[in-house]
Amino acid sequence: MPLEFQTISHGPIAFGFFNIETDLLLLERYFLYASDFCRQTSLMAKEDLHEGQLYHWEADFIQKTEDMGDLMGAIHGIRYLGFIGEVYRHFPFPAEPQRFKQNTEGFQNRALIQEIIQKYAQKTSLSITPDEESKTLEIGEYIFSREEFHEILDYVWLGGYPRWEDGIRPNDVMHMKVDVEKSQNWLFKGIGFTKEPS
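## With respect to the environment of Tyr142
Within the secondary structure, Tyr142 sits in strand β8 (residues 142-145). The spatial distance from the C-alpha of Tyr142 to the C-alpha of Pro97 is 34 Å, given a sequence separation of 45 residues. For Tyr142, the contacting residues outside a window of four places in its chain are Thr7, Ser9, His10, Ile13, Leu27, Glu28, Tyr30 and Leu137.

## So, the packing of helix α6 (residues 146-158) against helix α7 (residues 171-182)
Closest axis-to-axis distance for the α6/α7 pair is 9 Å, and the angle between their directions is 145°. For the pair α6 and α7, the sense of crossing is left-handed. Residues Leu153, Val156 and Trp157 of α6 form the contact with α7, whose own contacting residues are Val173, Met174, Met176, Lys177 and Val180. Here the residues of the contact of α6 with α7 are counted per class, giving 7 nonpolar, no polar and 1 charged.

## Notes on α7
Helical periodicity: at 3.6 residues per turn, an α-helix aligns residues three or four positions apart in one direction. Counted at 1.5 Å a residue, the expected span for α7 with its 12 residues is 16 Å, and the 17 Å between its end C-alpha atoms agrees. The set of residues buried in α7 consists of Val173, Met176, Lys177, Asp179 and Val180. Each element contacted by the buried residues of α7 is listed here: α1 (34-46) and α6.

## Some remarks on the sheet that holds strand β2 (residues 11-17)
Pairing is antiparallel across the open sheet formed by 8 strands, whose spatial order is β1-β2-β3-β4-β5-β6-β7-β8. Unpaired on one side and paired on the other, β1 (3-7) and β8 mark the two borders of the sheet. The average undirected angle you get between the axes of adjacent strands in this sheet is 30°. Both strand β7 (residues 136-139) and β8 contribute to a ladder of 4 bridges, which runs antiparallel. Note on β8: the bridge partner recorded for Ile139 is Tyr142. The sheet strands contacting α1 are β2, β3 (24-27), β4 (30-33), β5 (55-61), β6 (122-131) and β7, and the helix crosses β5 at an angle near 165°. Running at roughly 160° to β4, helix α5 (residues 110-117) makes contact with β3, β4 and β5 of the sheet.

## Things to note about unusual backbone geometry
Of all residues except glycine, most have a negative phi; of all peptide bonds, most are trans. Positive phi, close to 55°, is recorded for Lys135, a residue that is not glycine. For Asp166, which is not glycine, the phi torsion reads 60° and is therefore positive. The residue Asp166 is located in the loop between α6 and α7 in this model.

## Examining the pattern of salt bridges
Scanning the entire structure with this criterion turns up 10 salt bridges. For Asp60, the salt bridge goes to Lys123, with nearest N and O atoms at 3.3 Å. Taken together, the residues Asp60 in strand β5 and Lys123 in strand β6 connect sequence positions 63 residues apart. Relative accessible area serves as the criterion here: at 4%, Asp60 is assigned to the buried category. For Lys123, a relative accessible area of 65% puts it in the exposed group. Glu181 is the partner of Lys177 in a salt bridge, and the nearest nitrogen-oxygen pair spans 3.1 Å. Of this pair, Lys177 and Glu181 both sit in helix α7, separated by 4 residues, roughly a single helical turn. Note on Glu181: relative accessible area 46%, which makes it partly exposed. In the salt-bridge network here, residues are joined through shared partners; they are Asp36, Arg39, Arg110 and Asp172.

Procedures and definitions
Along each chain, residue indices are assigned from 1 in the same order as the chain's sequence is written. Predicted model: local features are reported for residues with pLDDT of at least 70 only, side-chain atom pairs are reported and counted for 80 or more only, and whole-chain, interface and lining totals are derived from all residues. Hydrogens are left out, water is left out, and the side-chain values use all remaining heavy atoms of the structure. The numbering of helices and of strands both runs from the N terminus, where a helix is a DSSP run of H or I of at least 4 residues and a strand a run of E of at least 2. Residues are treated as being in contact if the distance between any of their heavy atoms lies within 4.5 Å. Whenever a helix is involved, its axis is fitted only over the stretch in contact; in every case the axis is a line through C-alpha atoms, and angles between N-to-C directions fall within 0 to 180 degrees. A crossing counts as left-handed when the near helix is turned anticlockwise from the far one by less than a right angle, and as right-handed when that turn is clockwise. Note that Gly is not counted as nonpolar here; it falls among the polar residues with everything else outside the nonpolar set of Ala, Val, Leu, Ile, Met, Phe, Trp, Tyr, Cys and Pro and the charged set of Asp, Glu, Lys and Arg. By definition here, a helix of n residues has an expected span of 1.5 Å times n minus one. Each residue is assigned to one of three classes by its accessible area relative to the maximum for its type, calculated with a 1.4 Å probe on protein chains only: buried under 20%, partly exposed between the two thresholds, exposed over 50%. Strands were regarded as paired on the criterion that DSSP finds at least two bridges between them. Here, a salt bridge means any Lys or Arg side-chain nitrogen found within 4 Å of an Asp or Glu carboxyl oxygen.

Written out as structure tokens, the structure is:
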């Protein structure tokens, strides 16, 4: 489930997986696929980031609250509104708590998710701006400290609140961790991914 992360620009905002059967990540009203997020992060990790360098990440943007839907209502099976509600109609919250795990192969449902989201969202391009002087990363209009961005990366590594099913991660997540830990640039300096029990 999405968690609250602190931004310098907007205070606390929501970020994270919102349904265990898709690899789509919610960033307030933006939606990005975790596989794309990880590949773009790997790209930044391999580069020598410099002042004024820009990246662009493709995303879907939902403007209206009613088009977003009601996450808690959908989880409890009582309000299937908007995009989130339609996703939960296809992939209801599991009845057995032990089945509440992020599906490693959620990316395989991308075609269906894309069909649904195009009814509610607009395609957009998020500008990504690393700033070495302030040690921040701007994602669209949201500015994160380096440390908070590290927390976001750790969240994706872990598979969010429910964790990855059976502790198995998608390849893009594995590659991201390796690339970030090997990175020599300032943005990833000092990152420490959570070590799970073996």
